[in-house]
Amino acid sequence: RLRSNNIPTPPAQMVPLTKGLDDVDLDGNWAVGQPSDGEGNAEQTLGRKKKKKKRRAAGHESDGREADDQLTAPEGKKKKRKLLGQASDAKETSNTKLGRKGKKSSNKGMPISMETAKTLACKRLESAWAAHVKAEKLSLLEAQEVVPEDSWFFACWPDATLNLLPSRLFQEDISASRTLLAIHKGANADDAIKLPAAEPGTVAVAVLCLSVERVFVVHEMLQSKWGVKSFALCAHGGGRKRDQIARQAKAVASGVAVGIGTPSRVLRLMDEGHIKPSGLEAILLDLKPDRKQRNLLQLPETRRDLCGLLRRHLLPILGQTSREGTHGPRLLLCCGP
């Protein structure tokens, strides 16, 4: 197109919307001897560090940081040791004060009383029941069937092992069980303990173990450490299960003072009516872990049988006292060696 004065206009140039680095005019922006901010600072700091290293190597300048560390490090360690010592002294004094108030202390230094021991055992059973409800996908109504209480348990020291159990019981708490009381009194005797005779068709003290192998280990332990003769209630002796059940039922019919078995076999004997739940005085749970560090309350199979035993037979009588004054069975949790 031509203007009014007939002078042609130059063609329009294409201008990019966003200029890149290639479109920036850098002419005139350079200054000799003036580096950019980042590069200049980095070079200056590197130069200063090199000079400091040379001075330290020559011995003209001491390292203040190392000196500060040498001064402060021992003081910090001393302070930590002092604080730890004060904490341990406070803990010991608190334990002795609790002991003066009538509480017994375990080997680990933790003060323990009958109420505390029962509460700890109740919490362990609660966690086992919660795991069973989750594993078996029980409904809300079924989950509310078992609500453990402190009155269900005998008091026992948390660190009590099975071989030392008779001396770790509280005499005033086990007075309701004739068999446990006789075991407790004869714990330090050299001769075999004379247990009271059990009623026909009952097992006075039932010891529940993780496996058949563990049953026979506990059987030998009770005879050597406690001086008590026990009867095995598990899958052994050969033959069919029906024949094994018949032999064990015949022995229970005359009364068993101490029976050691697995939860599955004891549950079957109760389901078939060979063992009367009302004749139980105590149910001892042997919590010795297996090779995979799972105990009676953690292994799914034994936990299922134990929870079935609680729901079907033990719930109505656990920790109860009848009108005649007889006490129902109670649970006793013990860790085994």
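Residues numbered from 1 in each chain as written. Predicted model: local features only at pLDDT ≥ 70, side-chain atom pairs only at ≥ 80, totals over all residues. Heavy atoms only, no water.

### Observations concerning the pairing of strand β6 (residues 282–286)
Side-chain positions along a regular strand alternate between the two faces of the sheet. With five of five residues buried, β6 is to be regarded as a mostly interior element. Residues A282, L284 and D286 point to one face of β6 and I283 and L285 to the other, with burial holding for every one of them. Two elements, strand β3 (residues 203–208) and β6, share four bridges in a ladder whose sense is parallel. By the bridge assignment for β6, A206 is matched with I283. In this structure, β6 lies alongside strand β7 (residues 330–334), joined through five bridges in parallel fashion. Paired with L284 across the two strands is L332, which belongs to β7. (Buried < 20%, exposed > 50% of the residue type's maximum accessible area, 1.4 Å probe, protein only. Helix = DSSP H or I, 4+ residues; strand = E, 2+ residues; numbered from the N terminus. Pairing = 2+ DSSP bridges.)

### Some thoughts on the environment of V256
Within the secondary structure, V256 sits in strand β5 (residues 256–261). C-alpha separation for the pair V256 and I275, spaced 19 residues apart in sequence, amounts to 9.9 Å. Ignoring anything within four residues of it in the chain, the contact list for V256 reads A198, T202, V203, A204, F231 and A251. (Contact = heavy atoms within 4.5 Å.)

### Considerations on the pattern of salt bridges
On inspection of all chains with the given rule, the structure shows 10 salt bridges. The partner of E145 in a salt bridge is R311, and the shortest N-O contact between them spans 2.9 Å. Residue E145 is located in the loop between α4 (140–143) and α5 (178–185), and its partner R311 is located in helix α9 (residues 300–314); the two are separated by 166 residues in the primary sequence. By relative accessible area, E145 is classed as partly exposed at 38%. Salt-bridge contacts for R330 lead to D173; the nearest nitrogen and oxygen are separated by 3.5 Å. One end of the pair, R330, is in strand β7; the other, D173, is in the loop between α4 and α5, with 157 residues separating them in the sequence. Look at R330 and you get buried, because its relative accessible area is 13%. Given the relative accessible area of 7%, D173 is considered buried. Look at the salt bridges and you will find they share partners, linking K118, D173 and R330 into a network. (Salt bridge = Lys/Arg side-chain N within 4 Å of Asp/Glu carboxyl O.)

### Quick word on the sheet that holds β6
In spatial order, the strands read β4-β5-β3-β6-β7; together these five strands make up an open sheet with parallel pairing. With partners counted over all chains shown, the strands left at the sheet margins are β4 (231–233) and β7, one partner each. Going from strand to strand, the sheet's axes swing by 25° on average, the running direction of each strand aside. (Axes fitted to C-alpha atoms, helices over the stretch in contact; angles between N-to-C directions.)

### Structural notes on the environment of E136
Note on placement: E136 falls in helix α3 (residues 114–136). Here the alpha-carbon distance between E136 and P300, two residues 164 residues apart in the chain, equals 9.6 Å.

### Points about the nonpolar core
By size, the foremost hydrophobic cluster in this structure holds 36 residues, and its most contacted members are F153, V203, L208, L285, L297 and L333. When contributions to this core are tallied by element, the ones reaching two or more residues are α3, β3, α7 (241–253), α8 (263–271), β6, α9 and β7. Here this core gets six residues from one element, more than from any other, and that element is α3. If near-sequence neighbours (up to four positions away) are discounted, F153 is found in contact with K118, A121, C122, L125, R330, L331 and L333. One finds C156, L162, L180 and L332 within the second-largest nonpolar core, a separate group that totals 35 residues. (Core = buried A, V, L, I, M, F, W, Y, C linked by side-chain atoms within 4.5 Å.)

### Topic: unusual backbone geometry
We note that K137 has phi near 55°; this positive angle belongs to a residue other than glycine. Tracing the chain through its elements places K137 in the loop between α3 and α4. A relative accessible area of 74% places K137 in the exposed class. One non-glycine residue, Q293, lies in positive phi territory at about 60°. Mapped onto the elements of the fold, Q293 is located in the loop between β6 and α9.

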